[in-house]
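# Fold and geometry: a report
One letter stands for each residue in the lines below.
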Amino acid sequence: MTGAGGTALRRCLELAASALLALTLGLGPGRAQDSQTPVQTPAAPAEAPASPAAEGATTPPAPTPPTTPPTTPPTTPPAASPTPAPAQGVTRPTSTTVVVSKGSGQTAGPDYVAWERLAARAEALLANPDTEARGLELLRSQLAAERAKFLSAQNTNSTRIATVREQIAALGPTPPEGETEAAEIAQRRQQLADQLVRLQAPGLTAEEAFRRADGLIGEVDRALRERQASQLLQLWPSPLNPANWPEALVALRDVTVRLWTESSTRWTRGDGRQALFDNLPLILLLGVLGLGLITQTRRMTAMVQTRLPRPRTARGRRVVALLLSLAQIILPVIGAVALSSAATATGLLGPVGVALADLVPGLVFALVAANWLGHAVFPLEDGDEVSTLLVAERRAEGRFLARSIGLVLAVEAVRHLLLVEVGGSDTANAVLAFPVLATTAVLVFRMGQLLRRHVRSVQQGEEGLSYGLRVLGLLARAVMLTSVAGLLLGAVGYLAAATALVYPSILSLGLVAVLFVLQRLVADLYGLATRSDAADQEGLIPVLIGFAMSVGSLPLFAVIWGARWADITELWQRFLQGFQIGATRVSPTDFLIFAIIFGAGYAVTRLLQGALKGTILPRTSLDQGGQNAIVSGTGYLGVFFAALIAINSAGIDLSGLAIVAGALSVGIGFGLQNIVSNFVSGIILLIERPVSEGDWIEVGNVQGTVKAISVRSTRIQTFDRSDVIVPNADLVTQRVTNWTRFNLTGRLVVPVSVVLGSETRKVEKVLREIAEAQPLAILNPPPVIAFMGFGPESMNFEMRIILRDVNFSLQVRSEINHRIVERFAEAGIDMPGAKKAEAVAEVAAALAAEVSLAAPPNPTPASPTPASSGPPRAPDRRGNRPRGAASAETRDPTERQDEP
């Protein structure tokens, strides 16, 4: 079956096996020999000149348009025809000195004569509906190579063009109509204008050719996509029709007979027998080596693992086990390469046998890779976070499904190869492909059920699912749906569409499993690097690496599901071309240059800020607020100039953004006016410095110490150690009290009250001595003791003291109050509350004496009576105590008078 899904399956197997073999033995992919068979494509004419820019490079020949419509079947490529003459009037642009900007490294433009021939052939081949897909792929690769040349040539002479434009601008504006300028200036202006036209000619020609090549590539891609869609919608004979089964048996018999005939013919002729005897030692050596590597890999891996020192951490053990398990893929594939080489060296294999022998490494790779992924995702032992995904029985089923999927992939690859080599009919292809397809669909559906069951079990045990588990649940539903749809389509007869659904689902599951293993490996390596053995230790770096791997795998998913590598490269080419801003094209290279220069400027700014803050400014006479203002201003200026230099170096022209900036300014004026106001207020605070870091300020009902002044707001730490964020505009527009702006001195007022009748001069003298005895009090001017007036029962004084550091006012106030209490007690000065306290004490003493007189002198306990026995009875609802409830408790005398 030659469907898109089967081609993608075979391509993925070939790429995986060939890449692994190239890394291990340096050998080319064996299966690629079958896929790279010569194809009859129109050859390029011998007289086509080679492009100077591509000198030394090997370029595939360009196809030639047919002169007459072909009469051969669609599977036969069109015949080559003589090369048409180049279009009249097309001349190759010539220039003297060519300077290529942005480092293209070319010293000559593209060969436009050869390009005209190639473009004419491409248009002719696109007009012919019988052109094979391989011929269109080859044509597209040639067009893409030429387009890349034209893209580089568009920047030809850009530096010189910019210089000439500056020269023209230096001559001044062109005089308006009716006015003249000096003859020398006019002549020089005309010379520069002519030079500018000549310099712009190569770039304009390259841009025109680039547009034409880009359009032709788009037409080729559209034609290939239409053919791929028509193949997917092709209806094959139904594999469920018993009338089609004999033809499939005949195809199997033909393949078997051909294999036997090829080998027997070579043995009978003698050349195969002679090669077998000549290469017998090599064949035996390769056979023994291959069988040993395939059968003894697990034993050798276990032996190496027992000899290695056991890591102390769980992460280390997982990393070592994973790296050693890779040998279970590499060694069997090497053994398969040895067996394939031994079979080929016998000389008894014909074309079909050689192709089958070359396929053996890919088959072994599919088997061992599926088994390895099954053990990596569904491990045997418990003990890590993976083993908690499923119970042991379900994990065993997952490993069995993984091995079975690898087996059916291998069977499908063999079936596809044999029927392609023999050239079986569509009926035989459909009948033989459906059993493998149905088995694969069942296995994929069961794997999806297993993953779905795991997601449900985790969802029942937790409140919410993580992002990865949600993606896994969606993937499980998708593969279940595609397997059912593929099975139904295959039963009807749409084998190409069914193949394009089922086999990509398998490969997608395998790629997801590989990403899972790689992300876990990255997390383990990060844990080892940070010396952390926590099972849930996931830092930012491994998460970012895992995200990058997931994004990088998107092209692989696209190829698995039928996209061509040409489509992926086309998207990448579009990305590299960038986008247009005004008259400037911004490419990813420009963004990279901008990021590097801006990052360097930002780093230099931070280094300069550190040097100012730690080395230079502390040696000056500036206060801390001024130093902080200089450091912050240096940071703002450094970031601004770094961005400006980066934009200029990247070649981004911001003049085209003037209209957009004007529109944004209106939006800023209405929607972001508060943010802009706070930003401008922050700049004012840094320049004017009415408030600095470390100041004790009071704004509104907030009082505390300024900790940081940022672009938008100021952070104030109150005296209860809470942070208050105040917008900068409030500090500029509202009334702000700064207690420590220019100096730390401040006045402390302590009110003091004494009873009426106290000796005022004596009070004043005591308070003055207390004030002057404080270490933080300033004696010049001296403390002031003011007699403020009279109260209802007191005389009021105030102690007004100037402190050297107002930040200690609370401690000084507390100490002064302590001294006042002590000195007033020594001097016999009473405070207003002392008289009330003495009166209360006298009343309490009188009540205690009265109670003691009312009590009997020697109370004797009365004998218990039946009436008074038992627990005391509670009073009635009116509050009266029952008779016999009287006790010797202390009562109020007034209460005793009310009793009967």
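Everything discussed here concerns the structure shown above.
If you're wondering where the values come from, they're calculated on a predicted model, not measured in any experiment. (Residues numbered from 1 in each chain as written. Predicted model: local features only at pLDDT ≥ 70, side-chain atom pairs only at ≥ 80, totals over all residues. Heavy atoms only, no water.)

## What to know about the overall build of the protein chain
Our working definition: Secondary structure elements are taken from DSSP: a helix is a run of H or I of four residues or more, a strand is a run of E of two residues or more, and numbering for both begins at the N terminus. Exposure is judged per residue with a 1.4 Å probe applied to protein chains only, and the accessible area is read against the type maximum: over 50% gives exposed, under 20% gives buried, and values in between give partly exposed. The contact rule is simple, with two residues in contact once any of their heavy atoms fall within 4.5 Å. Only the protein chains shown count as cover for residues, and the accessible areas themselves come from Shrake-Rupley with a 1.4 Å probe.
Broken down by element type, the protein chain carries 29 helices and ten strands. Burial statistics for the protein chain: of 900 residues in total, 37% are counted as buried. Intrachain contacts of the protein chain at a sequence separation of at least 6 include 73% that bridge at least 24 residues. Surface exposure of the protein chain reaches about 51700 Å², of which carbon and sulfur atoms provide 62%.

## With respect to helix α5 (residues 158-170)
Each α-helix turn comprises 3.6 residues. Residues three or four places apart therefore point the same way. Using the following cut-off: Take the number of residues in a helix, subtract one, and multiply by 1.5 Å to get its expected span. In this description, the arc belongs to the directions extending from the helix axis to the C-beta atoms.
When the terminal C-alpha atoms of α5 are compared, their 18 Å separation across 13 residues agrees well with the 18 Å that a helix rising 1.5 Å per residue should span. Within α5, burial applies to Ile161, Val164 and Ile168. All buried residues of α5 fall inside an arc of 65 degrees around its axis, so they share one side. When the buried face of α5 is taken as reference, the exposed residues oriented beyond 90 degrees from it are Glu166, Ala169 and Ala170. Remark: Gly172 follows α5 within two positions and exhibits a positive phi of approximately 95 degrees.

## Examining the packing of aromatic side chains
Both the distance between ring centres and the angle between the ring planes are used here to describe each pair of aromatic rings. Here is the rule: Note on ring pairs: Phe, Tyr and Trp rings are taken, using the six-membered ring of Trp, and paired if centres are within 6.5 Å. Classes follow the plane angle, with under 30 degrees stacked, over 60 edge-to-face and the rest tilted. A ring is considered to have a charge above it if a Lys NZ or an Arg CZ atom is located within 6 Å of its centre and within 35 degrees of its normal.
This structure, assessed with the given rule, holds nine aromatic pairs. Centre to centre, the rings of Tyr112 and Phe150 are 5.7 Å apart; their planes meet at 10 degrees, and the pair counts as stacked. With Tyr112 in helix α3 (residues 112-127) and Phe150 in helix α4 (residues 133-153), this pair connects stretches of sequence that are 38 residues apart. The class of Tyr112 is buried, set by a relative accessible area of 7%. Judged by centre distance (6.5 Å) and plane angle (25 degrees), the ring pair of Phe598 and Tyr602 falls under stacked. Taken as a pair, Phe598 and Tyr602 lie in helix α21 (residues 588-616) at a separation of four residues, close to a single helical turn. An aromatic cluster is present here, built from Tyr112, Trp115 and Phe150 joined pairwise through their rings. Looking at Arg273, its charged tip hangs above the ring of Trp267, at a distance of 5.2 Å from the centre.

## Observations concerning the environment of Pro110
Looking at where Pro110 falls in the secondary structure, it is placed in the loop between α2 (32-35) and α3. Assessed through its relative accessible area of 2%, Pro110 is described here as buried. A C-alpha to C-alpha distance of 9.8 Å links Pro110 and Ala209, two positions 99 residues apart in sequence.

## A closer look at the sheet that holds strand β5 (residues 713-718)
The strands making up a sheet are joined through hydrogen bonds of the backbone, oriented either antiparallel or parallel. Cut-off, in case you're wondering: Two strands qualify as a pair provided that DSSP identifies no fewer than 2 bridges between them. Every angle, taken between N-to-C directions, lies between 0 and 180 degrees, and every axis is a line fitted to C-alpha atoms, over only the stretch in contact when it is a helix.
Here we have five strands laid out as an open sheet, ordered β6-β5-β4-β3-β7, and antiparallel in their pairing. Pairing within the sheet leaves two strands with one partner each, and these edge strands are β6 (723-727) and β7 (736-738). Averaged over all pairs of adjacent strands, the angle between their axes in this sheet comes to 40 degrees, without regard to strand direction.

## A closer look at helix α12 (residues 327-345)
Here α12 spans 26 Å end to end across 19 residues, near enough to the 27 Å set by a 1.5 Å rise per residue. Ile329, Pro332, Val333, Ile334, Gly335, Ala336, Val337, Ala338, Ser340, Ala342 and Ala345 are the residues of α12 that are buried. Backbone geometry just after α12 places Gly347 at a positive phi near 80 degrees.

## Here's the deal with the pairing of β5
Look at any regular strand and the pattern is simple: side chains alternate between the two faces of the sheet. Extensive coverage of β5 is indicated by the burial of five of its six residues. In terms of strand pairing, strand β4 (residues 702-709) meets β5 through five bridges, oriented antiparallel. Bridge pairing links Ala708 to Arg715 in β5. Hairpin connection from β4 to β5: three residues lie between these consecutive antiparallel strands. With five bridges connecting them, β5 and β6 associate as antiparallel partners. Bridging across to β6, Thr714 finds its partner in Val726. Adjacent in sequence and paired antiparallel, β5 and β6 are bridged by four residues, among which Arg721 carries a positive phi angle near 65 degrees.

## Comments concerning the pattern of salt bridges
What counts, and what does not: Here, a salt bridge means any Lys or Arg side-chain nitrogen found within 4 Å of an Asp or Glu carboxyl oxygen.
Applying the stated criterion across every chain yields a total of 23 salt bridges. Across the pair Arg318 and Asp524 runs a salt bridge whose closest N-O atoms are separated by 2.9 Å. In this pair, Arg318 sits in helix α11 (residues 314-325) while Asp524 sits in helix α17 (residues 495-529), placing the two residues 206 residues apart along the sequence. Accessibility assignment for this pair places Arg318 and Asp524 in one class, buried. Among the ionic pairs, Arg823 bridges to Glu769, the shortest N-O distance being 2.5 Å. Within this pair, whereas Arg823 is found in helix α27 (residues 809-827), its partner Glu769 is found in helix α26 (residues 760-772), the two being separated by 54 residues in sequence.

## Some thoughts on the sheet that holds strand β9 (residues 784-790)
Spatially, β8-β10-β9 is the arrangement adopted by the three strands of the open sheet, whose pairing is antiparallel. Only two strands of the sheet have a single partner each, and these edge strands are β8 (746-755) and β9. Sheet twist, expressed as the average angle between the axes of neighbouring strands with direction ignored, equals 25 degrees. The sheet strands contacting α26 are β8, β9 and β10 (794-803), and the helix crosses β10 at an angle near 25 degrees. Lying on the sheet, α27 is in contact with β8 and β10; it crosses β8 at an angle near 25 degrees.

## A few points about the environment of Val639
Position of Val639 among the secondary structure elements: in helix α22 (residues 624-650). Expressed as a C-alpha distance, the spacing of Val639 and Ala603, which sit 36 residues apart in the sequence, is 9.5 Å. Setting aside residues no more than four positions away along its own chain, Val639 makes contact with Phe598, Tyr602 and Thr605.

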